[in-house]
Structure formats: C-alpha cells, structure tokens
Amino acid sequence: MSAEGKDAAAMAVLWHDLECGRYGADLALWQALATDAGSPVLDVGAGTGRVALALARAGHEVVALDLEADLLAALRDRASAAGLALETVQGDARSFELGRRFGLILAPMQTVQLLGGADGRGAFLRQAAHHLRPGALFACALADALEGFDAEHTQPPLPDIVEEDGWVYASQPVAVRIEADGAVIERIRQAVAPDGRRSAEGDAIRLDRLDATMLEREGAAAGLTPAGRRRIEPTEEHVGSEVVLFHG
Ligand SMILES: C[S@@+](CC[C@H](N)C(=O)[O-])C[C@H]1O[C@@H](n2cnc3c(N)ncnc32)[C@H](O)[C@@H]1O
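Residues numbered from 1 in each chain as written. Predicted model: local features only at pLDDT ≥ 70, side-chain atom pairs only at ≥ 80, totals over all residues.

Trainee: What am I meant to see in the packing of helix α1 (residues 8–20) against helix α4 (residues 69–81) here?
Mentor: Any two packed helices are characterised by how steeply their axes cross, that is the angle between the axes, and by the distance between the axes. Between α1 and α4, the shortest axis-to-axis distance is 9 Å and the interhelical angle comes to 75°. Relative to α4, the element α1 is oriented roughly perpendicular. Note on element contacts: α4 touches α1 through D70, L71 and A74, opposite A9, A12, V13 and H16. Its residues assigned to classes, the contact of α1 with α4 comprises five nonpolar, one polar and one charged. (Axes fitted to C-alpha atoms, helices over the stretch in contact; angles between N-to-C directions. Helix = DSSP H or I, 4+ residues; strand = E, 2+ residues; numbered from the N terminus. Parallel < 35°, antiparallel > 145°, perpendicular 65-115°, else oblique. Contact = placed C-beta atoms within 7 Å. Nonpolar A, V, L, I, M, F, W, Y, C, P; charged D, E, K, R; others polar.)

Okay, structure coming up:
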C-alpha cells in the first residue's frame, strides 16, 4: 500500500484516468473513422481504454496495445464488466509484431509524441505500415504546440480532482517547460486521506516537438501515403489537436 492509499498498480490507473480518461472531444472522430475503415481496429497507447472501450461498445473488433501492463489490466476488467470482447497486448509501439493486419490503426492524444524522438517515431511508423491491410487507414493525433508557463508567472490550469473512498486525489499542471525539440509538462499529484493527511509527488512527461507536415514526411519515408488531416478543437481542459491520416 502506498502513501496514497492504494497499491502502485491502482495508483498508476487512478492518475492515468484522472489525467487522460475524461477527455471526450476526439471520440466522434475515431468512431467515424472506424465506421469508414472497418475492423479490426488497433488502438496504440490504449491506456485504460478510453477510446478502445468506446469503439468496442459501438461494435468494432478492437485490439488495445500499450507499454503498461497495469493500465491494460484495468482495461480488461472494464471490458469484461461491460460484457465487451476486446484483446489487449502489452508491447512497445516501436517494435510490436502482432502477426495480423488491421483496417484502422489509431494513436490518439499525444502517443506519437512520446516515442523518444524521430528514431522512435520512425520505428513506430514502419510497424504501423506493416500492420495495415491494403487500403486501410492509420490516424495519429498531435497536440497543438504548447505555450510555456510556470506557477510563478502565469495562473496554472485548474487541477483534475477525484474523490474515492474518502480520499481526494488531485493532479495539478504546474509548469510547461519549452525545450528545443519538445516540451516538458510538470504536474504535482496530491492525495488527501480521510483524516486530512496529505502526500504529494511530482510527475513530468516530455512531448516531442512535431507538426503535421513533419509527420507526413516521416510517414512517407516509412512507406505510408498521407491521406489528409482532421482538426479536433480545444476544450476548456485540453489543447486542440491535428489528426494526420495515412493509407497503407
Ligand atoms: C496520452 S496517453 C493516451 C491514452 C489513451 N490512448 C487515451 O487516449 O486516453 C499515452 C499512452 O501511451 C502509452 N505509451 C507510451 N509510450 C508507449 C510505447 N512506446 N508503446 C506503447 N504505448 C506507449 C502510455 O502508457 C499511455 O497509456
């Protein structure tokens, strides 16, 4: 049991759900693409299944791939509680080999910006190309360029908060540090016990700098054919994104 009241796996799921799970502005686009492109769908960087579960609920055959076993275990529990058949695969987007091809491959949110720069991204794009059926679709979301801020100079965004079993968990973005080839988003994650005890820890994720033109060029080098872009507008809580489409 950690200081935050749950074991490490449950905490990983809780923070993931709190920081990513409430986003919904992109779901209509993934649903429309899945309807056009057809099953099976491969959701890369599926996490606890925000997108994968929505597509399975709509009747699509879905395979969910992620690096993190704890997130996939939560996804499987949720699928089985909802009576949904859905396959999970623990694997790396840069090196997976599933031995089958897909009608649609998705990389929602900023997953394509988490792969360690151009080399990691190139490896992912080649794996995606290799797993697409002829004529199939591959769609990658890119977060709009972030603006730097820190709590001393700019009002930070509101924290994401959830209450469970008398505990309150809050994740607060405190700074975005802009670097030459990316941006680091720093958060403070706090837990408040029912008796008022508090614990806090820092977390940071690094997003590679990447725009749609760069990604189209890299995709073409990996054997993919650029097939247009779609726009997801910002919400009060999330930046907007550009979704880059490719055919295999
Ligand atoms: C921003 S979250 C998106 C989660 C989910 N797709 C959603 O839209 O709510 C990024 C996900 O990518 C996963 N991830 C990061 N690097 C990965 C890699 N190299 N291979 C597979 N998954 C990865 C993380 O574990 C995390 O679940």
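Trainee: It is not clear to me how α1 should be interpreted in this structure. Could you clarify?
Mentor: The α-helix advances 3.6 residues per turn, and as a result positions three or four apart in sequence lie on the same side. Between the first and last C-alpha of α1 there are 18 Å, a value that for 13 residues agrees with the 18 Å anticipated at 1.5 Å per step. Buried residues in α1 make contact with α4, β8 (167–179) and β9 (182–192). (Expected span 1.5 Å × (residues − 1).)

Trainee: Could you clarify how one ought to interpret the domain arrangement of the chain in this entry?
Mentor: Accessible area lost when the parts come together is the quantity often used to give the size of an interface. Per the domain assignment, the segments making up the chain are domain 1 (8–145 + 211–247) and domain 2 (149–206). Between the C-alpha centres of domain 1 and domain 2 there is a distance of 25 Å. Contact residues are listed per partner, giving four residues for domain 1 and five residues for domain 2. Grouping the amino acids of the side of domain 1 that touches domain 2 by side-chain chemistry returns three nonpolar, no polar and one charged. (Domains from an automatic or database assignment.)

Trainee: How should I be thinking about unusual backbone geometry in this particular structure?
Mentor: Only a minority of non-glycine residues have a phi that is not negative, and only a minority of peptide bonds are not trans. Residue P40 is bonded to the preceding S39 through a cis peptide linkage, with omega at -10°. Its location among the elements puts P40 in the loop between α2 (27–37) and β1 (41–44). Unlike most non-glycine residues, M109 shows phi in positive territory, near 45°. Its place among the elements puts M109 in the loop between β4 (102–107) and α5 (117–130). At D165, a residue that is not glycine, the phi angle is positive and equals roughly 50°. Positionally, D165 belongs in the loop between β7 (160–164) and β8. Owing to 7 C-beta atoms within 10 Å, D165 belongs among the exposed residues under this scheme. (Buried ≥ 20, exposed ≤ 12 C-beta atoms within 10 Å, placed from the backbone.)

Trainee: How should the environment of D17 be read in this particular structure?
Mentor: Following the sequence through the fold, D17 ends up in helix α1. On the neighbour-count criterion, D17 (19 C-beta atoms within 10 Å) is partly exposed. Along the chain, D17 and Q110 lie 93 residues apart, while their C-alpha atoms are 15 Å from each other.

Trainee: Explanation requested: the pairing of strand β2 (residues 62–66) in the structure shown.
Mentor: Successive residues of a regular strand alternate their side chains across the two faces of the sheet. The element β2 is extensively covered by neighbouring structure, given that five of its five residues are classed as buried. Side chains V62, A64 and D66 project from β2 onto one buried face, and the interleaved V63 and L65 project onto a second face that is buried too. Inspection of the sheet shows β1 paired to β2 by four bridges, in the parallel sense. Bridge pairing in β2 links V41 to V62. (Pairing = 2+ DSSP bridges.)

Trainee: Just to check I follow, could you spell out the nonpolar core for this structure?
Mentor: Across soluble globular proteins, nonpolar side chains show a tendency to be buried alongside one another. One finds A52, A64, L104, I105, L106, F138 and C140 to be the most contacted residues of the largest nonpolar core, which totals 58 residues. Of all the elements, strand β5 (residues 132–143) adds the most residues to this core, at nine residues. Residues within four places of I105 in sequence aside, it is in contact with L42, V44, A128, H131, L132 and F138. (Core = buried A, V, L, I, M, F, W, Y, C linked by C-beta atoms within 7 Å.)

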